[in-house]
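Listed here are the chains, written in short residue letters.
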Amino acid sequence: MFHIRNYVRRHPVKTQRFLEILPGFVSWSLILFPFWGSLVMPTIVAYYIITFSVYWLYRSASMALLAVIAHYRIKASMRNDWMKDLEKFPDWKKIHHIIVIPTYKEPVHILKETLEKLATQTFPVKNIHIMLSFEDREGEEAREKSKVLENEFGKIFGNLWATFHPDIPGEVKGKSSNTAWGARAARKLLDPNILTEDITISSEDADARFHSSYFAALTYEYLHNPHRFDRIWQGSIRFYNNIWRVPAPVRVLASIFSVTQMFILMRQDRLINFSTYSTSMKLIEDIGYWDTNVVPEDYHLFFKAYFARKGKLEVEPIFLPILADAAEAKGFWATMTNQYEQIKRWAWGVSDDAYIIKQWILAENVPFWDKTIRVLKTVEDHFLWPVNWFAITVGALLPPLLNQQFNRTVIGKTLPQVSSALLTMSLVSLIAIFLIDAASRPPRPKDTSIFARIFQPFEFLLLPILGFFFSALPGIDAHTRLMLGKYMEYRVTEKV
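Residues numbered from 1 in each chain as written. Predicted model: local features only at pLDDT ≥ 70, side-chain atom pairs only at ≥ 80, totals over all residues. Heavy atoms only, no water.

Draft legend 1. Inspection of the overall build of the chain at higher detail. Across its full length, the chain carries 20 helices and eight strands. A globule of 496 residues ought to have a C-alpha radius of gyration of about 23 Å, and the chain, at 24 Å, matches this closely. Referenced to the eigenvectors of the C-alpha coordinate spread, the extents of the chain come out at roughly 80 × 65 × 45 Å. Looking at the chain as a whole, 56% of its 496 residues qualify as buried. (Helix = DSSP H or I, 4+ residues; strand = E, 2+ residues; numbered from the N terminus. Rg over C-alpha atoms; globule rule 2.2 N^0.38 Å. Buried < 20%, exposed > 50% of the residue type's maximum accessible area, 1.4 Å probe, protein only.)

Spelled out as structure tokens, the structure:
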């Protein structure tokens, strides 16, 4: 490890490019292996496919089980009187919350709905301070929106500020740089008599809607935790704001994403902040805020803080929903494009793996196995993102189809049946996911047609097709772009 560490330090550019090429190389190799491997080593391919099918069955079963548990914990948390619990702490009123909402070309009605929901918090809203962080390049439209919002909501919260993030040389345009700008501005504007140790800061997507008890629960968890300055808190992201308005393919994807987020709350060993989250102002100041030269801001912030804290950082779940918009645009095909681009942006999180792996190599004072497990779980999710669909859908068909001699062997004849049986068993998990999703969604609009009510459960039959177009394809797109050095810029998801 010593020699590798020295090599990375001496050759930062070479190692960066090598680590950027690595995810695409691995994913393309695993995708293509069943094709060429079926001709030269079909037995190895068969065991590869069976291993992957078992892996997928394990992931499906564990996801269903833990999502069920998370669902009931969320239900209980939603019923809990968090303000009553909070009164156990005599000094709870000293806690203040800064919320940074980075926004670019968001419709003003979306921002209004976000602020309206924040105004319903059970925690005193005068202790909540909101920074609307617009992009200066949006021009006069952003200033008009800020005036409208300040006039309507300025007297509700402790503070409602607006800032306009300029284009700065060396920065990557996107959420991370905008959030960093807004957070710094908010800290300067907040009453200097409020101690940094008594402030939390949340990064909130412009379309996110915190549950009304979120900041009461966050305050309780913050005061209750002796390691509060080494913690990030994550609620249950659910893409349900417009779930009944989007087309069926997007509705199915939003359901899967939402239940997946419930499952992840139960896996603290792999829980990493995503999209909308909270932490201490002290932690953010200690690590130098969000980095301004990256596109993926959430995972990057976690690992920046994790290595800065020598591995002592943890993400704690808050079992309360945070509702967000599913991808939507004007028209069916525009919505499909919007969904693809959103998932490609999420898949672009793989671009952070070079940074994460380099930090794993260079960090000397972090417990080896803790940092290794953290990094391996992230790399597993990112590297296998484009591979999963190919391995579990077409992989088992290739060895018997491409190699007739292998097709006459026992393993060749039974491979499709074994793989199919394992995948069929994983469908039991899909039923659990469907039921959790159905119980968690907002009420169906009363004017929904009988036809739509009857056929809505069958939308999940679209999953094999959706898995290719909205998981494998954007995943391999992002991996290939990174491998070829075709770097992506942050693309804001269109709102309707």
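Draft legend 2. Expanded view of the pairing of strand E8 (residues 314–323). Across the 10 residues of E8, eight count as buried, placing the element largely inside the fold. Pairing geometry for strand E5 (residues 209–210) and E8, over two bridges, is antiparallel. Opposite Phe-210, over in E8, you have Ile-322 as the bridge partner. (Pairing = 2+ DSSP bridges.)

Draft legend 3. Structural context of the packing of aromatic side chains. Applying the stated rule across the entire model yields 30 aromatic pairs. Taken together, a centroid distance of 5.2 Å and an interplanar angle of 75° make the contact between Phe-257 and Trp-346 edge-to-face. Remark: Trp-346 occurs in helix H12 (residues 332–347) and Phe-257 occurs in helix H9 (residues 248–265); sequence separation between them is 89 residues. Residues Phe-257 and Trp-346 agree in their burial class; the two are buried. Both rings, one in Phe-302 and one in Phe-303, keep their centres 4.9 Å apart while their planes meet at 90°; by these two values the pair is edge-to-face. Look at Phe-302 and you get buried, because its relative accessible area is 0%. The exposure class of Phe-303 is buried, given its relative accessible area of 0%. (Phe/Tyr/Trp six-rings, centres within 6.5 Å; stacked < 30°, edge-to-face > 60°.)

Draft legend 4. Region of interest: the nonpolar core. Formed by 112 residues in total, the largest nonpolar core has its most connected members in Ile-101, Leu-118, Ile-130, Phe-215 and Phe-239. Here this core takes 10 residues from H9, the largest share from any one element. Apart from the residues within four sequence positions on either side, Phe-215 is in contact with His-97, Ile-99, Leu-118, Gln-121, Phe-123, Ile-128, Ser-202 and Phe-210. Within the second largest apolar cluster, 19 residues are counted, among which are Tyr-48, Trp-389, Phe-406 and Leu-423. (Core = buried A, V, L, I, M, F, W, Y, C linked by side-chain atoms within 4.5 Å. Contact = heavy atoms within 4.5 Å.)

Draft legend 5. Quick peek at a nonpolar patch on the surface. The grouping of Trp-28, Leu-32, Phe-35, Trp-36, Leu-39, Val-40, Met-41, Ile-44, Leu-401 and Leu-402 at the surface amounts to a nonpolar patch, some 960 Å² of accessible area in total. Secondary-structure elements contributing two or more residues to the nonpolar patch are helix H2 (12–40) and helix H16 (398–402). Ranked by residues supplied to the nonpolar patch, first place goes to H2 with six residues. Structurally, the position occupied by Met-41 is in the loop between H2 and helix H3 (42–79). (Patch = residues over 30% accessible without salt bridge, like charges linked within 9 Å, V, L, I, M, F, W, Y side chains within 5 Å. Areas by Shrake-Rupley, 256 points an atom, 1.4 Å probe, with all protein chains shown as cover. Salt bridge = Lys/Arg side-chain N within 4 Å of Asp/Glu carboxyl O.)

Draft legend 6. Region of interest: the side chain of His-165. Take His-165: it is sitting in strand E3 (residues 159–165). For His-165, a relative accessible area of 2% translates into the label buried. Within the structure, the side chain of His-165 is placed 2.9 Å from the side chain of Glu-135, a separation counted as a polar contact. Those residues in contact with His-165 that sit more than four places away from it in its chain are Phe-134, Glu-135, Asp-136, Glu-171, Ser-177, Asn-178 and Trp-181. (Polar contact = N/O pair within 3.5 Å; in protein donor to acceptor, adjacent residues only side chain to side chain.)

Draft legend 7. Geometry of the pattern of salt bridges. Applying the stated rule across the entire model yields 31 salt bridges. The partner of Arg-59 in a salt bridge is Asp-381, with the nearest N and O atoms 3.6 Å apart. Linking Arg-59 in helix H3 with Asp-381 in helix H14 (residues 368–383), this pair joins segments that are 322 residues apart in sequence. The class for Arg-59 is partly exposed, based on a relative accessible area of 25%. For Asp-381, a relative accessible area of 23% corresponds to the partly exposed category. Asp-286 is paired through a salt bridge with Lys-282; the nearest N and O atoms lie 3.4 Å apart. Separated by four residues within a single helix, Asp-286 and Lys-282 lie in helix H10 (residues 281–287), roughly one turn from each other. Since its relative accessible area comes to 24%, Lys-282 is described here as partly exposed. Residues joined by salt bridges that share partners form a network here, namely Arg-59, Arg-270, Glu-380 and Asp-381.

Draft legend 8. Region of interest: the sheet that holds strand E4 (residues 199–203). Ordered by their spatial adjacency, eight strands build an open sheet running E3-E2-E1-E4-E7-E6-E8-E5, and the pairing between neighbours is mixed. Only two strands of the sheet have a single partner each, and these edge strands are E3 and E5. Contacting strand E6 (231–238) and E8, H3 crosses the sheet at an angle of about 70° to E8. (Axes fitted to C-alpha atoms, helices over the stretch in contact; angles between N-to-C directions.)

Draft legend 9. Up close: the pairing of strand E1 (residues 96–103). E1 sits mainly inside the fold: eight of its eight residues count as buried. Burial of E1 is two-sided: the residues His-96, Ile-98, Val-100 and Pro-102 facing one way and the residues His-97, Ile-99, Ile-101 and Thr-103 facing the other way are all buried. Taken together, the seven bridges between E1 and strand E2 (residues 128–135) define a ladder with parallel strand orientation. By the bridge assignment, Val-100 is partnered in E2 with Met-131. Each parallel crossover has a hand, and the one from E1 via helix H5 (residues 108–118) to E2 is right-handed. (Right-handed = clockwise from strand over helix to strand, strands pointing away.)

Draft legend 10. Representation of unusual backbone geometry. In the Ramachandran plot, Lys-105 falls in the positive-phi region, its phi being about 60° despite a non-glycine side chain. Mapped onto the secondary structure, Lys-105 falls in the loop between E1 and H5. In this structure, Ser-275 is a non-glycine residue whose phi angle is positive, near 70°. Within the fold, Ser-275 resides in the loop between H9 and strand E7 (277–280).

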